[in-house]
Amino acid sequence: MPQDKQSLLSRVRLDEIRGRMALAAKAAQRDPASITLVAVSKTFDASVIKPYLLAGQRVFGENRVQEAAGKWPSLRAGYSDVELHLIGPLQTNKLDEALDLFDVIETLDREKLALALVKARDKGRRLPRLLVQVNTGAEPQKAGLLPAAVPGFLQNCRDQWHLDIEGLMCIPPVDAEPGAHFALLAQLARAHGLHKLSMGMSADFEIAIRAGATHIRLGGALFGGRG
Ligand SMILES: *Cc1c(COP(=O)(O)O)cnc(C)c1O
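A. Molecular detail of the packing of aromatic side chains. The full count for this structure, using the stated rule, is four aromatic pairs. Measuring from centroid to centroid gives 4.5 Å for Y52 and F223, while their planes differ by 55°, and the two rings are tilted. With Y52 in helix α2 (residues 46–54) and F223 in helix α9 (residues 220–223), this pair connects stretches of sequence that are 171 residues apart. Its relative accessible area of 5% is what places F223 among the buried residues. Geometrically, the ring pair formed by F60 and W72 is tilted, given 4.8 Å between the ring centres and 45° between the ring planes. Of the two residues, F60 sits in strand β2 (residues 59–62) while W72 sits in helix α3 (residues 65–75), which places them 12 residues apart along the sequence.

See the structure below:
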């Protein structure tokens, strides 16, 4: 697609999503400015992402360290205010690379990773902002802490590891009604005084906004079919 057409299309899509976000926020009596759109650019080439940067989008999500390392250093070179979120599982052997790339890790989900973060910090690394991933549907194949394990984990983060946790993130089961999962995540966050909630994707972000999402993660609705 020619560059100007690509750029116009990305503007139209961003405007449409921002409009829907504003309506959902209004219906929930929330300030639209309290909700951040994370543009999930996984699987999309730099050439597809670039027009969104030109159109003013600054917060992006990637689910693989390797893929992000291939695209983002050059993409973000011209934009000092880009904020990159890791939204996929993080292996500890990729932690150093992830720390070079990401401003936020949304998928802190186990003690081993917490300890690796502590070790990196002790070596002088600046840590990204952190969210804890919760497996609200208790799906065996999915990453994230079981809801029952969240209180103990958060307590360890605070008291033993001195890791500052900003909030919680979840990916509800694909075939479930997402509202109950969002409500559970919001309730867990409230119970622990956490203010950030990353929940809601292309198909259900309005429901997530109603339930209190502060970050919605949209891929398909923004970029079109997966590349
Ligand atoms: C891919 C992905 C998204 C975006 O999904 P869409 O349905 O394309 O909006 C959101 N969150 C996570 C964790 C993802 O892996």
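B. Just the site of the ligand, in detail. Around the ligand, a shell composed of 12 residues is seen, among which K42, S202, R217, G219 and G220 lie nearest. Within the side chain of K42, one N or O atom sits 2.6 Å away from an oxygen atom of the ligand. Between the ligand and the protein, one listed contact pairs an oxygen atom with a backbone N or O atom of G219 at 2.8 Å. Within the complex, the protein chains bury 83% of what would otherwise be the 380 Å² of accessible surface of the ligand. Residues belonging to the shell around the ligand are distributed by class as follows: six nonpolar, three polar and three charged.

Parameters at a glance
Residues numbered from 1 in each chain as written. Predicted model: local features only at pLDDT ≥ 70, side-chain atom pairs only at ≥ 80, totals over all residues. Heavy atoms only, no water. Phe/Tyr/Trp six-rings, centres within 6.5 Å; stacked < 30°, edge-to-face > 60°. Helix = DSSP H or I, 4+ residues; strand = E, 2+ residues; numbered from the N terminus. Buried < 20%, exposed > 50% of the residue type's maximum accessible area, 1.4 Å probe, protein only. Near = heavy atom within 4 Å. Polar contact = N/O pair within 3.5 Å; in protein donor to acceptor, adjacent residues only side chain to side chain. Areas by Shrake-Rupley, 256 points an atom, 1.4 Å probe, with all protein chains shown as cover. Nonpolar A, V, L, I, M, F, W, Y, C, P; charged D, E, K, R; others polar.

Honestly, it's all geometry; don't read function into it.
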